[in-house]
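Observations on the three-dimensional arrangement
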Amino acid sequence: MKLRFAAGALLLLAGTVASAAANDSLRFNPDSFTRGSLTMPDGSNVPYKAYEGIFYVTNVEDSTYQTLNIYVPETLANIPRVPILLRTYVGGYAASTAKTPSPADATGRALSEGYVVCIPGSRGSNSTIERNGATVYTGMAPNGLLDLKAAVRYLRYNDALIPGDSELIFTDGTSAGGAMSSLLGATANARDYESDLKKMGAADATDNVFAAICYCPITDLNHADMEYEWLYGCTNTGVRNLSEAQIAISNELAAECPAYINSLGLTMKDGTPLTADNYKDYLKGFLLESAHRALQEGCVIPDTIGFTFYQDKSGPMGGGPGGGPGRGMRPGGKDFKPAGDGRQAPSFGPGNAPRFNKTSDFVTALDLDRYLSYVASVTPLKTPPAFDQMGVLIDTPSPENNVFGNEKGEAANFTDFSLQHRLHNPSAKLNKEMVRHVEVMNPMNFIGTGKSTVAPNWYIRHGAKDRDTSFLVPVNLATKLQNDGKNVDFALPWNRPHSGDYNLDDLFRWIKATLPR
Ligand code: DHB
C-alpha cells in the first residue's frame with residue numbers, strides 16, 4: 001500500500017516539508033543519518049543507516065528518554081512491504097533510553113533480514129527531571145506506555161519518509177517490556193490514552209500495530225498476585241518454606257483467583273468453557289506440549305520433575321510400558337517433526353536421565369504440583385503478595401509499586417487487597433485516579449471489547465521454568481486473544497527461564513509467515 005503512495009506522497013511532502021519545517025518538528029529528516037554496521041554471530045556484516053536521538057513528541061518532558069532511534073539496513077529485504085521491528089528495552093518497569101541494535105537479539109537479526117528497526121526510549125519508574133528546584137518523577141504509569149504509543153504514531157506519521165511499512169510494525173519486548181508490547185498490541189487507538197497523547201504532542205496519527213511479540217509479559221498486574229498464589233500455593237510448606245503469616249496471605253489471595261478465572265469467560269480451542277475447575281489440566285497441556293517437543297528435538301528431561309514418559313521398546317508405534325498416550329498427546333511416529341519452541345531449547349545436559357527415541361517416545365502425564373516445586377527450586381519464588389507487596393508483609397516496594405507511584409517518587413499500592421492490608425482497613429479502596437492507571441495498564445481490559453484496535457498477530461512466549469509471574473498470565477492473555485479471533489502463536493518454551501529474544505530462528509520464521517503475501 002505504501003509503495004503505491006510513496007512517489008506521490010514524496011512530491012507532496014517536498015512542498016510540505018519546506019514550508020512546514022519550522023513548525024513540524026515531528027517530520028522525519030531522511031538526510032540526517034550516520035552509518036554503522038553490525039557483525040552478526042555468523043561473522044557476516046550488516047551495514048545500516050542510523051537515525052538517532054529523534055524526539056517523538058513536541059512537548060518533551062524528559063529529553064533523556066523521549067527519543068527514538070531508527071536503523072535502516074543498506075540492503076532492504078527484497079519484498080513488496082518491509083516490516084518495522086519496534087523493540088523496547090523496558091525492564092522492571094524502569095525508564096529505558098533509545099538503544100542501538102545488538103547482533104545478539106531480534107534487532108540485529110531484523111536488520112540482517114533487511115527489516116527496519118526502531119528502538120524508542122521511554123520514561124519509567126526511575127526517570128526524573130528537575131523542575132523549579134525539585135526532583136520530579138516523570139514515568140508513573142501509564143507514561144512509559146504513552147511514550148511507546150507516541151513512537152508508533154511517529155512512525156506512521158512519517159510513513160512516506162521512513163523506509164519500511166508502518167502498517168507492518170512488530171513490537172517486541174521482554175518482561176515489563178513484554179507487557180509494554182502486549183499493551184501496544186491490545187490498547188491501540190483507545191480513547192483512554194487520547195488526551196494524554198495530545199498533551200504530550202504526539203504525532204497526529206493512529207498507533208495500532210500489526211503484531212505484538214511478547215516474551216514473558218509481566219502484565220495483568222492487578223490479578224497477578226492471586227494468580228501466583230493460586231498456582232504456587234502447593235509449594236508453600238515445601239520448597240517455598242513460607243512463614244505462617246505468609247501462608248495466610250497466600251491463602252487469602254489464592255481464594256480470590258477462581259472467581260477471577262471464571263469471570264474471564266474464556267474458552268478452550270474446542271469451545272469448552274475454561275474455568276477454575278479445568279484450568280490446571282488446560283495449563284498442563286501447554287507444559288506437556290513443551291516437554292514433548294523438547295524431547296522430540298533431542299533434549300534430555302529428568303524423570304524427577306513430574307513428567308511421565310512413554311518409551312517405545314519395540315519400534316515406532318509398537319507396544320510399550322504404560323499404554324497409550326495421555327491427555328492430548330499423540331505418539332510421534334516416524335515422520336513426526338514438531339515445529340516450534342522445543343528447538344534450540346537449552347538441554348538439561350547429560351546427568352543420568354533416561355534416553356529417548358526421538359521419533360517414538362512421548363510424554364503422557366504431568367504431576368503439576370511436582371513440576372511447580374521443581375520450577376520453584378530453580379529460582380526461589382517471590383513471597384506473597386508477589387507484585388503489590390509494599391506494606392503487606394514487607395515495606396519494600398516492588399517494581400510495580402514504583403511504577404504506580406507519584407511524581408514525588410513515592411511508591412503506591414495498586415490493588416484494594418494490598419491497600420487494605422497496608423492500612424489495616426478492610427474497606428479501603430484505591431482512589432479513582434489509581435483505578436484508571438491500573439485499568440489502562442492491563443491489556444486484558446481491552447481485548448475483545450471493541451475499545452481499541454487489537455493487533456491481528458501475536459507471538460507470546462513464557463519460559464517453562466520462568467517464575468516471575470504465574471503461568472496464568474500469559475495463558476489467559478493468549479487464550480483471550482485466540483477467543484477474539486486473533487492469530488496467536490503461544491508456547492511455554494522448554495527449560496527457558498525469565499528471558500526473551502531467544503530462538504530467533506523460530507521468531508523470524510513466524511514473522512515471515514505472518515507478513516502479508
Ligand atoms: C520484571 C521482572 C519482574 O519479576 C517484575 O515483577 C517486573 C518486571 C522485568 O524483568 O522487567
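The structure presented is a predicted model; accordingly, all values stated were derived computationally and were not measured.

Mean pLDDT over the protein chain works out to 89, with 86% of the residues at or above the 70 mark. pLDDT under 50 marks residues 347–354. Its contacts with residues more than four places away, or in other chains, come to 19 contacts.

What follows is about the environment of Thr58. Mapping Thr58 onto the fold places it in the loop between strand 2 (45–55) and strand 3 (67–73). With a relative accessible area of 42%, Thr58 lands in the partly exposed category. In sequence terms Thr58 and Ala203 are 145 residues apart; their C-alpha atoms lie 8.2 Å from each other. Contacts of Thr58, omitting those with residues within four sequence positions, involve Ser25, Leu26, Met200 and Gly201.

With that out of the way, let us pick up unusual backbone geometry. Generally, phi is negative for residues other than glycine and the peptide bonds are trans, each holding for most cases. With an omega dihedral of 5°, the bond running from Ala141 to Pro142 counts as a cis peptide bond. Following Pro384, the chain continues into Pro385 via a peptide bond in cis, with omega recorded as -15°. With a phi close to 65°, Ser175 is a non-glycine residue in the positive phi region. Positionally, Ser175 belongs in the loop between strand 8 (169–174) and helix 4 (176–186). Of note, His424 is a non-glycine position whose phi angle comes to about 50°, a positive value. Structurally, His424 is set in the loop between helix 11 (416–423) and helix 12 (432–440).

Ile70, Phe307, Tyr371, Trp458, Trp494 and Leu507 are the most contacted members of the largest nonpolar core, which has 143 residues in total. Among residues more than four places away in sequence, those in contact with Ile70 are Phe28, Lys49, Ala50, Tyr51, Ile54, Val116, Val117, Cys118, Tyr154, Leu155 and Ile162.

It is worth spelling out empty space enclosed by the protein at this point. Summed over the entire model, instances satisfying the criterion amount to four cavities of 30 Å³ or more. For the second largest cavity, the calculated volume is near 60 Å³. Here the element with the most residues in the lining of the second largest cavity is helix 3 (residues 143–157); it accounts for three residues. Across the lining of the second largest cavity, the residue classes tally to nine nonpolar, five polar and one charged.

Every residue near the ligand is listed here: Gly91, Gly92, Ser175, Ala176, Ile218, Lys382, Phe387, Glu400, Asp468 and His498. At 2.7 Å, a side-chain N or O of Ser175 approaches an oxygen atom of the ligand. A distance of 2.7 Å is found between an oxygen atom of the ligand and a side-chain nitrogen or oxygen belonging to Lys382. Contact with the protein chains hides 83% of the accessible area of the ligand, taken as 290 Å² for the molecule alone. Its residues assigned to classes, the shell around the ligand shows three nonpolar, four polar and three charged.

Here we take up the sheet that holds strand 1 (residues 34–39). A sheet is described by the order of its strands in space; here nine strands give the open sequence 1-2-3-5-4-8-9-12-13, paired in mixed fashion. Edge strands, defined here as strands with exactly one partner in the open sheet, are strand 1 and strand 13 (487–491). Strand-to-strand twist in this sheet, taken as the mean axis angle between neighbours without regard to direction, amounts to 20°. Lying on the sheet, helix 3 is in contact with strand 2, strand 3, strand 4 (84–87), strand 5 (116–120) and strand 8; it crosses strand 3 at an angle near 45°.

Further remarks concern the pattern of salt bridges. Scanning all chains against the criterion turns up 32 salt bridges. A salt bridge links Glu61 to Arg131; the nearest nitrogen and oxygen atoms lie 3.0 Å apart. Taken as a pair, Glu61 in the loop between strand 2 and strand 3 and Arg131 in strand 6 (residues 128–131) lie far apart in primary sequence, 70 residues in all. Classification of Glu61 by relative accessible area gives partly exposed; the value is 25%. Note that Glu167 is salt-bridged to Arg156, the shortest N-O span being 2.9 Å. Pair noted here: Glu167 is in the loop between helix 3 and strand 8 and Arg156 is in helix 3, with a separation of 11 residues, a long-range link.

For the rest of this paragraph, the subject is helix 14 (residues 504–514). Looking only at helix 14, the buried set comprises Leu504, Asp506, Leu507, Phe508, Trp510, Ile511 and Thr514. Where helix 14 is buried, its residues meet helix 2 (106–112), strand 8, strand 9 (211–215), strand 12 (457–461) and strand 13.

Now for the packing of helix 6 (residues 221–232) against helix 13 (residues 472–483). Relative to each other, helix 6 and helix 13 sit at 115°, their axes nearing to 9 Å. One element, helix 6, and the other, helix 13, form an angle in the roughly perpendicular class. Contacts from Glu227, Trp230 and Leu231 of helix 6 reach helix 13 at Leu472, Val473 and Asn476. In the contact of helix 6 with helix 13, the residues fall into four nonpolar, one polar and one charged.

Turning our eyes to something else, we now look at the packing of aromatic side chains. Using the criterion set out here, one finds 21 aromatic pairs in the structure. Between Phe170 and Trp510, the aromatic rings sit 6.1 Å apart at their centres with planes inclined by 90°, giving edge-to-face as the arrangement. Of this pair, Phe170 sits in strand 8 while Trp510 sits in helix 14, placing them 340 residues apart in sequence. For the pair Phe170 and Trp510, a shared accessibility class is recorded, and that class is buried. Taken together, the ring pairs in this structure connect Phe170, Phe210, Tyr215, Tyr459, Tyr502 and Trp510 into an aromatic cluster. Above the face of the Tyr157 ring, Arg27 is positioned so that its terminal group lies 4.1 Å from the ring centre.

Right, let's get into helix 9 (residues 368–378). Three or more residues of helix 9 are buried, namely Leu368, Tyr371, Leu372, Tyr374, Val375 and Ala376. Turning to helix 9, the residues buried within the fold contact helix 6, helix 8 (279–296), strand 10 (307–310) and strand 11 (362–366).

What follows covers the side chain of Asn69. Along the chain, Asn69 turns up in strand 3. There is a polar contact of 3.1 Å between the side chain of Asn69 and the backbone oxygen of Lys99. The residues touching Asn69, leaving out its near neighbours within four places in the chain, are Tyr51, Glu52, Gly53, Ala98, Lys99, Thr100, Val117, Cys118 and Ile119.

The element strand 8 is largely enclosed, with a buried count of six among its six residues. Neither face of strand 8 is open: one carries Ile169, Thr171 and Gly173, the other Phe170, Asp172 and Thr174, and all of them are buried. With four bridges joining them, strand 4 and strand 8 adopt parallel strand pairing. Its bridge partner being in strand 8, Leu86 is matched across the sheet by Thr171. By the bridge criterion, five bridges tie strand 8 to strand 9 in an arrangement that is parallel. Bridge pairing links Phe170 to Ala211 in strand 9.

What counts, and at which threshold
Residues numbered from 1 in each chain as written. Predicted model: local features only at pLDDT ≥ 70, side-chain atom pairs only at ≥ 80, totals over all residues. Heavy atoms only, no water. pLDDT = per-residue confidence, 0-100. Contact = heavy atoms within 4.5 Å. Helix = DSSP H or I, 4+ residues; strand = E, 2+ residues; numbered from the N terminus. Buried < 20%, exposed > 50% of the residue type's maximum accessible area, 1.4 Å probe, protein only. Core = buried A, V, L, I, M, F, W, Y, C linked by side-chain atoms within 4.5 Å. 1 Å grid on protein atoms, 1.4 Å probe; cavity = no way out; pocket = protein on both sides within 12 Å on 5 of 7 lines; lining within 4 Å. Points joined across faces, edges and corners; volume = space filled by probe spheres on them. Nonpolar A, V, L, I, M, F, W, Y, C, P; charged D, E, K, R; others polar. Near = heavy atom within 4 Å. Polar contact = N/O pair within 3.5 Å; in protein donor to acceptor, adjacent residues only side chain to side chain. Areas by Shrake-Rupley, 256 points an atom, 1.4 Å probe, with all protein chains shown as cover. Pairing = 2+ DSSP bridges. Axes fitted to C-alpha atoms, helices over the stretch in contact; angles between N-to-C directions. Salt bridge = Lys/Arg side-chain N within 4 Å of Asp/Glu carboxyl O. Parallel < 35°, antiparallel > 145°, perpendicular 65-115°, else oblique. Phe/Tyr/Trp six-rings, centres within 6.5 Å; stacked < 30°, edge-to-face > 60°. Lys NZ or Arg CZ within 6 Å of the ring centre and 35° of its normal.

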